[in-house]
Amino acid sequence: MVCKNSKSIKIIPAVIIFFLFLSCQTAPKVQDMPEGTLPLAKGASVYIIANARQAHPIIELLPIVELNNKQTRQMLEKTDSFAAAVFPQTSVQKIQIAANGNYPGLSGLAFTFNKNWKKQRVKSGGSYWYSAANGLSIAMNTNQAFVVSSVDKTPVDPVTSESGVTMPEGFYEFSRGYPVSCWLEDTAPLLSRIFSEKEIPIQLNVQYVFINLYPADSFDLQNQYEALIRLRFENALQSRGMAAIFNLAAGLMPNDNSTLASIFFANPAVQNGRSLDIKTKRLTEKDITLLLETFLL
């Protein structure tokens, strides 16, 4: 028996191949980045790197509404690692993500048949998909994905055409082996909040704040985490002086265990050259949310 629609059946594979070809043309053109450099734009307040598999519970707590977008969540489910940049309110973009993973089912074809996504061409010869409804721009190939959320919902090329952003000195070694790490370019919101809770009128000249988040090392604690926080100063003299101030403030801690200050002052600050290292108390999901909201919002 010969199927009457055999001709149309033969056409279907050709159509699929054609659209797969179109999706390949949208593959972002990314220049190789040297070690210690992220393919993200300069000017962010916070930069985050994460092992997506290990950090999934923490990623769920990130106060970033763009992560709740359907396409972004689909991408993250297939992601092995990613870097993200969170920009100040004065910037054109709100957040940028550069991810590595396995995306053969998402690269282009999924956007082709969705009327909410329009292809945008760039001068370099590449292209990306943009959704005005979500204010998101996405460029993908089978193993890389780039996302940008724009402030005024205008198309923004999600692939950084510049040389990327270089990690601060010491951050690469600090972050190795941890599921989630970040550094703060703008340290004022976090530190001002901590010392205002303690009613200590002090201005800290901190160059960077490094943070590692990781599960607590205990089998009897579920959804418990710890953080290692490093404050980097211009020189060892400053860090030594601030160690004394931090440890004095810790001695004035009230019994309230739910404040941001209680996270920072639970253990003595340890001088490490030009830096201070602070190990937090055991963190609940509420504690992590408080910490993240302080420097991401």
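For the structure itself, consult the block above.
Here is what the cut-offs are and how they apply
Residues numbered from 1 in each chain as written. Predicted model: local features only at pLDDT ≥ 70, side-chain atom pairs only at ≥ 80, totals over all residues. Heavy atoms only, no water. 1 Å grid on protein atoms, 1.4 Å probe; cavity = no way out; pocket = protein on both sides within 12 Å on 5 of 7 lines; lining within 4 Å. Points joined across faces, edges and corners; volume = space filled by probe spheres on them. Helix = DSSP H or I, 4+ residues; strand = E, 2+ residues; numbered from the N terminus. Nonpolar A, V, L, I, M, F, W, Y, C, P; charged D, E, K, R; others polar. Pairing = 2+ DSSP bridges. Axes fitted to C-alpha atoms, helices over the stretch in contact; angles between N-to-C directions. Contact = heavy atoms within 4.5 Å.

Draft legend 1. Fine view of empty space enclosed by the protein. Applying the stated criterion to the full structure yields 2 cavities of 30 Å³ or more. In this structure, the largest cavity is lined by Ile-48, Leu-62, Val-180, Cys-182, Ile-211, Leu-213, Leu-292 and Phe-295. Counting residues per element, the ones that place at least two in the lining of the largest cavity are β10 (180-184), β11 (208-215) and α9 (285-296). Among the residues forming the lining of the largest cavity, the class breakdown is 8 nonpolar, no polar and no charged. Within this model, the second largest cavity holds a volume of roughly 40 Å³.

Draft legend 2. Structural view of the sheet that holds β10. Spatially, β5-β6-β7-β8-β4-β3-β2-β10-β11-β12-β14-β13 is the arrangement adopted by the 12 strands of the open sheet, whose pairing is antiparallel. Edge strands, defined here as strands with exactly one partner in the open sheet, are β5 (118-121) and β13 (270-272). When strand polarity is set aside, the average angle formed by the axes of neighbouring strands in this sheet is 20°. Here strand β12 (residues 225-232) runs beside strand β14 (residues 275-279); their pairing, made up of 5 bridges, is antiparallel. Residue pairing in the sheet places Leu-231 in a bridge with Leu-276 of β14. Seen against the sheet, helix α7 (residues 236-251) touches β12, β13 and β14 and runs at an angle of roughly 35° to β14.

Draft legend 3. Representation of the side chain of Asp-287. Topologically, Asp-287 is positioned in helix α9. For Asp-287, the contacting residues outside a window of four places in its chain are Ile-263, Lys-281 and Arg-282.

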